[in-house]
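So the chains spell out like this:
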Amino acid sequence: KQEVTQIPAALSVPEGENLVLNCSFTDSAIYNLQWFRQDPGKGLTSLLLIQSSQREQTSGRLNASLDKSSGRSTLYIAASQPGDSATYLCAVWEGAQKLVFGQGTRLTINP
Amino acid sequence: DGGITQSPKYLFRKEGQNVTLSCEQNLNHDAMYWYRQDPGQGLRLIYYSQIVNDFQKGDIAEGYSVSREKKESFPLTVTSAQKNPTAFYLCASSPRGVGLGTQYFGPGTRLLVL
């Protein structure tokens, strides 16, 4: 059974810093990996989708990488801003039918 | 505007009562999903449907029921058999060929027990 783990559970950094969020999964036979953002009390917003044949995806200040062989993905955020404060969730597609989520990393950017 | 709507935003359940959470999408997506989120936790899959009149249990289906009579609607009923229903419930949809595209999420319904 696929398990997804995100470390750390919470992270607090000063504004302007570059940072990395980590995601690991137990079964490397995944279809896609997706990173989401969730603001308090809100739904999820998709940030980046990495297909299984890809190694990374970029959108603005965000870059996500995927290493299937080691069961790891990272989300890199450049030049962090207070508006980046949110919970970031990693999820992998299991059997091409459903997403399995990690527990998330709660990120706080201090002005 | 295309998207997913969930109602109500807050829902209160009395002991022994069944309650139904609404999820509607106008994205013309075939697949729809229901997730439960507990504080500080990731999302856990309750039920999913890949096509009208068909649905499958997820990891925590006990105490829940669903129907998929229309493509755009996927209501979730929390039955009295669900002993710990207090949580944030999220509905999502994705295009046909699940696993090949992004899941889009609604704003969520928070269920509280009186």
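Residues numbered from 1 in each chain as written. Chains lettered and ligands numbered in written order. Predicted model: local features only at pLDDT ≥ 70, side-chain atom pairs only at ≥ 80, totals over all residues. Heavy atoms only, no water.

**Examining the pattern of salt bridges**
The line we're drawing: The term salt bridge refers to a pairing of a side-chain nitrogen on Lys or Arg with a carboxyl oxygen on Asp or Glu at a separation within 4 Å. Throughout this description, buried means an accessible area under 20% of the type-specific maximum (1.4 Å probe, protein chains only), exposed means over 50%, and partly exposed covers the range between.
Applying the stated criterion across every chain, the model contains 6 salt bridges over all chains. Between A:R37 and A:D39 there is a salt bridge, with the nearest N and O atoms lying 3.0 Å from each other. Note on A:R37: relative accessible area 18%, which makes it buried. Residue class for A:D39 comes out partly exposed when judged on its relative accessible area of 28%. Close ionic contact of B:D38 with B:R36 constitutes a salt bridge, the shortest N to O distance being 3.0 Å. The pair formed by B:D38 and B:R36 is uniform in burial state, with each residue classed as buried. Put simply, B:R36, B:D38 and B:R44 are held in one network by salt bridges that share partners.

**Looking at the state of the cysteines**
Each disulfide consists of one covalent bond between the sulfur atoms belonging to two cysteines. Test applied: The term disulfide is used for any two cysteine sulfur atoms that are within 2.5 Å. Think of it this way: any DSSP run of H or I at least four residues long counts as a helix, any run of E at least two long counts as a strand, and we number them from the N terminus.
A complete count under the given rule lists 2 disulfides over all chains for this structure. Covalent S-S linkage joins A:C23 and A:C90, the inter-sulfur distance amounting to 2.0 Å. Handedness here is read from the sign of the S-S torsion; for A:C23 and A:C90, about -60°, the answer is left-handed. In this pair, A:C23 is assigned in strand β3 (residues 19-25) and A:C90 in strand β9 (residues 86-94), connecting sequence segments 67 residues apart. Comparing A:C23 with A:C90, the two get one shared label, buried. At a sulfur-sulfur separation of 1.9 Å, the disulfide partner of B:C23 is B:C91. Torsion about the S-S bond of the B:C23 and B:C91 cystine: about -70°, corresponding to left-handed handedness. A residue pair is termed long-range when its members are at least 10 positions apart, and B:C23 in strand β3 (residues 19-25) and B:C91 in strand β9 (residues 87-94) qualify at 68 residues. B:C91 sits in the buried class, given a relative accessible area of 0%.

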